[in-house]
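Each chain, letter by letter, is given below.
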Amino acid sequence: MKADKRLVEETLQVIGLDCPDCAVKVGSAVKAMDGIVETDINFSASTLKVAFDPQVTDRDRIVGIVEDFGYEVTLPERSRVSTFAISGMDCADCAERVSKMVRSLPGVASARLDFVNAKLTVDHNEVTTSVSEIIAAVEQAGYKAEFEGVKRAEPAKRSFLFENRRVIATGVAGVFLLTSFILQLTVGFRTAIPFYAISMTVGGFYVARSAVLGLRVGTFDMYVLMTVAAIGAAAIGDWAEGATILFLFSLGNSLEAFALDRTRASVKQLIALSPEEALVRRDGIERLIPVEEVHLGEIALVKPGERIPLDGVVVKGSTSVNQATITGESRPVSKALGDLVYAGTINEEGYIEVETTKVARDSALSRIIRLIGEAQADRPKAQQTLDKFSLYYTPAVVALAVVVAFVPLLFGLPFTEWFFRGLVVLVIACPCALVISTPVSIISAIGAASRNGVLVKGGSFLETTGKVGALVFDKTGTLTSGELAVSEIIPLNGLSEDEVLSIAAGLEHKSRHPMARAIDKYAHTAGVSHAEATNFRAIPGKGIVADLDSTTYYLGSQRLFEELGVDARAALPVVDRFRERGMATAIIGTEREILGVIGAADTLRPAGRETVHRLHSLGVRNIYMLTGDSKETASEVSASLGLDGFRANLLPEEKVDAVKELAAEHGVVVMVGDGVNDAPALAVADVGIAMGAAGSDIALETSDIALMADDLTKVPYSVSLSRRTVSVIRQNIAASIIIKVVFLTLAVLGVSTLWMAVFADMGVSLLVTANGLRLFRTRAS
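About the thresholds
Residues numbered from 1 in each chain as written. Predicted model: local features only at pLDDT ≥ 70, side-chain atom pairs only at ≥ 80, totals over all residues. Heavy atoms only, no water. Helix = DSSP H or I, 4+ residues; strand = E, 2+ residues; numbered from the N terminus. Buried < 20%, exposed > 50% of the residue type's maximum accessible area, 1.4 Å probe, protein only. Contact = heavy atoms within 4.5 Å. Arc of directions from axis to C-beta. Pairing = 2+ DSSP bridges. Axes fitted to C-alpha atoms, helices over the stretch in contact; angles between N-to-C directions. Parallel < 35°, antiparallel > 145°, perpendicular 65-115°, else oblique. Left-handed = near helix turned anticlockwise from the far one by under 90°. Nonpolar A, V, L, I, M, F, W, Y, C, P; charged D, E, K, R; others polar.

S.K.: Please explain the overall build of the chain as it appears in this structure.
M.R.: For the chain, the helix and strand inventory stands at 27 helices and 30 strands. In the chain, which comprises 781 residues, the proportion classed as buried is 52%. Counting contacts in the chain only where the partners sit at least 6 residues apart, residues at least 24 apart contribute 68% of the total.

S.K.: I'm lost on helix H22 (residues 631–641) in this one. Help?
M.R.: Think of an α-helix as 3.6 residues a turn; residues three or four steps apart then line up on the same face. Those residues of H22 that sit buried are Thr633, Ala634, Val637, Ser638 and Leu641. Mapping the buried residues of H22 onto a view down its axis gives an arc of 130°, with all of them on the same face. Of the exposed residues in H22, the ones pointing more than 90 degrees away from its buried face are Lys631 and Ala639. Taken from the residues just after H22, Gly642 is the one with a positive phi, measuring 80°.

S.K.: For this particular structure, what's the right way to read the sheet that holds strand S4 (residues 72–74)?
M.R.: Read from one edge to the other, the open sheet built from four strands follows the order S2-S3-S1-S4, with strand pairing classed as antiparallel. The open sheet terminates on both sides in strands that have one partner only, identified here as strand S2 (36–42) and S4. Between one strand axis and the next, the sheet turns through 25° on average, direction left out of account. As paired strands, S2 and strand S3 (residues 47–52) are joined by six bridges and run antiparallel to one another. Note that in S3 the partner of Asn42 across the bridge is Thr47. Helix H1 (residues 20–31) contacts S2 and S3 of the sheet and is inclined by roughly 170° relative to S2.

S.K.: So what exactly am I meant to see when it comes to the packing of helix H6 (residues 165–186) against helix H7 (residues 189–216) here?
M.R.: Helix packing geometry: the angle between the two helix axes and the distance between the axes. Interaxial distance between H6 and H7 falls to 8 Å at its minimum, and their mutual angle equals 160°. Looking at the two axes, H6 sits roughly antiparallel to H7. Remark: the crossing between H6 and H7 carries left-handed chirality. Contact residues: Arg165, Arg166, Ala169, Val172, Ala173, Phe176, Leu177, Thr179, Ser180, Phe181, Leu183 and Gln184 in H6; Phe189, Thr191, Ala192, Phe195, Tyr196, Ile198, Ser199, Val202, Gly203, Tyr206, Arg209 and Ser210 in H7. Of the residues assigned to the contact of H6 with H7, the class counts are 14 nonpolar, seven polar and three charged.

S.K.: How should the environment of Ser638 be read in this particular structure?
M.R.: With respect to the helices and strands, the residue Ser638 is situated in helix H22. According to the relative accessible area criterion, Ser638 is buried, its value standing at 7%. For the pair Ser638 and Leu479, spaced 159 residues apart in sequence, the C-alpha to C-alpha distance is 10.0 Å. Excluding residues within four positions of it along the chain, Ser638 makes contact with Met625, Leu643, Gly645 and Phe646.

S.K.: So what exactly am I meant to see when it comes to the packing of helix H17 (residues 497–508) against helix H18 (residues 514–526) here?
M.R.: Two elements in contact, H17 and H18, have axes whose closest approach is 9 Å; the angle formed by their N-to-C orientations is 130°. Put simply, H17 runs oblique to H18. Relative to H18, H17 is oriented so that their crossing is left-handed. Between H17 and H18, the contacting residues are Leu501, Ala504, Ala505 and Glu508 on the first element and Met515, Ala516, Ile519, Tyr522, Ala523 and Ala526 on the second. When the residues that make up the contact of H17 with H18 are grouped by side-chain class, the tally is nine nonpolar, no polar and one charged.

Next up, the structure:
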């Protein structure tokens with residue numbers, strides 16, 4: 001292939017390429033893509049060599065085309081994805097400019113800069129382009145880049161005002177501008193001109209530098225517009241206007257950077273919760289080591305007041321743990337032997353020893369931080385629409401500025417006046433407020449959700465949730481606790497309830513069956529004691545048998561007693577009634593008679609009815625339940641919770657069909673489940689919400705929104721947050737467009753001055769930023 005430093009050359013391994021004709025088809029499809037310069041597909045070696053322009057396409061799109069043919073693609077051996085923290089990033093235009101500069105480097109397949117979090121992610125060939133070369137390119141653009149793959153000492157905390165050179169320059173420019181105004185009023189305009197010039201130079205230095213860098217990569221942004229406007233003002237002798245607009249623009253950028261710094265701080269606080277070291281016991285010796293070096297199954301020692309270093313299970317001691325950072329629970333949770341604990345949560349009282357079940361990179365906190373970062377890359381439809389709009393808006397207004405400045409000259413109108421009006425139109429041209437209106441709101445909402453134990457995986461899911469037409473709950477493990485609890489005891493043949501419970505508890509005490517746990521727990525709560533069972537034996541598929549005080553008792557199904565030849569007719573009506581209500585049944589008796597029947601059911605969550613009521617109050621009118629249980633059980637649960645409908649006797653694949661039917665009838669469907677047996681239905685819904693995700697890898701991976709605790713009330717919170725976020729975005733967009741239209745009209749009429757235009761433009765940018773940041777304060781009630 002022909003060498004060209006502007007092109008990226010990649011060799012991809014195509015797995016499963018099993019025929020020459022297939023290879024030709026794949027090669028032709030890739031070659032037909034925009035930005036592809038040359039392709040060479042080798043059938044025998046199963047490789048695809050491709051040269052492409054990174055400004056037009058990237059490797060991900062090429063891989064996508066190949067995968068559409070059903071083949072798997074492995075990435076180049078020397079390819080890597082590097083992440084950098086960018087300092088001083090304070091606007092969306094700057095982010096796009098830096099991204100373009102990095103993408104222009106040889107060997108860079110893609111580069112994306114998230115300006116809200118100031119993170120640059122680069123997919124590059126480390127042989128062609130090293131990390132240091134990427135850092136140098138960012139520094140050439142006027143910013144500092146720090147490679148996140150290397151751990152560096154934490155810099156000393158400094159005030160935002162003194163660590164940002166642009167803020168200092170703005171302050172100096174403001175002092176000289178004020179001095180200029182005073183001199184012009186007291187001494188005269190000519191004396192003030194040098195001070196105006198100094199104010200313009202200091203205040204406009206970073207603006208002009210950004211403008212030059214932008215033009216080098218073909219970006220016509222606000223910095224270019226402001227530089228042209230300031231030079232134009234000075235050229236026609238209006239030094240005060242030129243200095244004022246540069247000062248106001250720099251001041252607006254500094255305030256915007258301060259607001260964004262607050263946004264970034266929320267994610268940094270979450271990262272700071274991750275302990276860096278863990279005290280573990282190795283070979284009988286206590287060692288303090290980095291958490292990255294702790295292996296699965298090691299014992300971590302956690303003292304009162306310390307943060308738990310890794311996810312694990314308590315194997316010694318008991319305590320209460322503040323796990324609000326993970327689950328959003330406001331009160332400490334008691335932890336004892338066998339209970340799960342999470343990295344970053346605080347051990348409040350007792351000394352505990354924890355057997356690690358996750359390495360540091362896979363802890364719940366690490367996954368939350370990682371998923372929040374991925375969520376911010378997901379662009380909602382509103383943002384995608386604005387991005388397309390901005391492509392046409394700015395050139396159109398620039399063209400209008402040229403028309404306003406020069407067309408009137410053809411009719412003999414004064415040059416200075418109309419040139420000035422054209423400059424004002426130029427200043428208004430950049431859609432800064434429009435660009436920033438959506439991402440700041442989305443990131444603020446995602447941050448607020450994470451603080452309340454709700455992990456939203458992307459702006460598009462947050463946007464869609466509020467449009468819910470039908471909200472669907474899975475029953476078991478979602479509306480119910482997923483654990484059996486004794487509901488009713490029917491004694492027979494002269495025994496009391498306590499006597500039947502005592503016999504059942506004695507028989508089940510050594511069993512681990514869900515029914516056994518329910519009976520044992522109920523007996524303990526009721527204060528009913530039982531004899532110690534001997535000669536315990538399980539009868540597979542039927543029940544158990546054991547001796548209590550020298551008497552042999554049986555506990556099990558109707559079939560067990562039929563085979564024993566016991567007359568069970570007295571118990572049958574009770575058994576049938578329990579089964580109709582969807583309850584699990586256990587018959588207790590001897591070889592001669594039936595002594596009683598116990599019914600246990602999956603209990604409803606206490607917050608279920610409140611959750612449904614709050615959803616109805618939010619205007620969600622179609623709330624359904626999907627279950628594999630009988631129609632009778634579903635009807636009883638639906639009535640007790642106040643649901644609008646249900647579908648019963650469903651297999652997992654039938655739940656998928658039910659979701660599709662509801663979508664056809666009501667539009668957007670939000671499905672709430674536990675992310676395990678209902679994963680297919682969660683996947684097919686417009687938004688899938690999984691509960692109890694803090695302790696479940698499956699729930700975290702299968703859901704679009706994950707509720708970290710088993711808290712149903714976070715469902716209406718998610719809907720409410722979504723609607724509030726969409727409302728704020730609409731407010732921001734409306735304010736941006738209205739103010740733009742007003743000042744464009746005033747500019748053409750000659751009423752608006754340059755400094756007024758800058759004040760309006762930066763003012764609305766700050767307004768939409770502040771409005772978006774309000775979402776940080778949205779809390780679950």
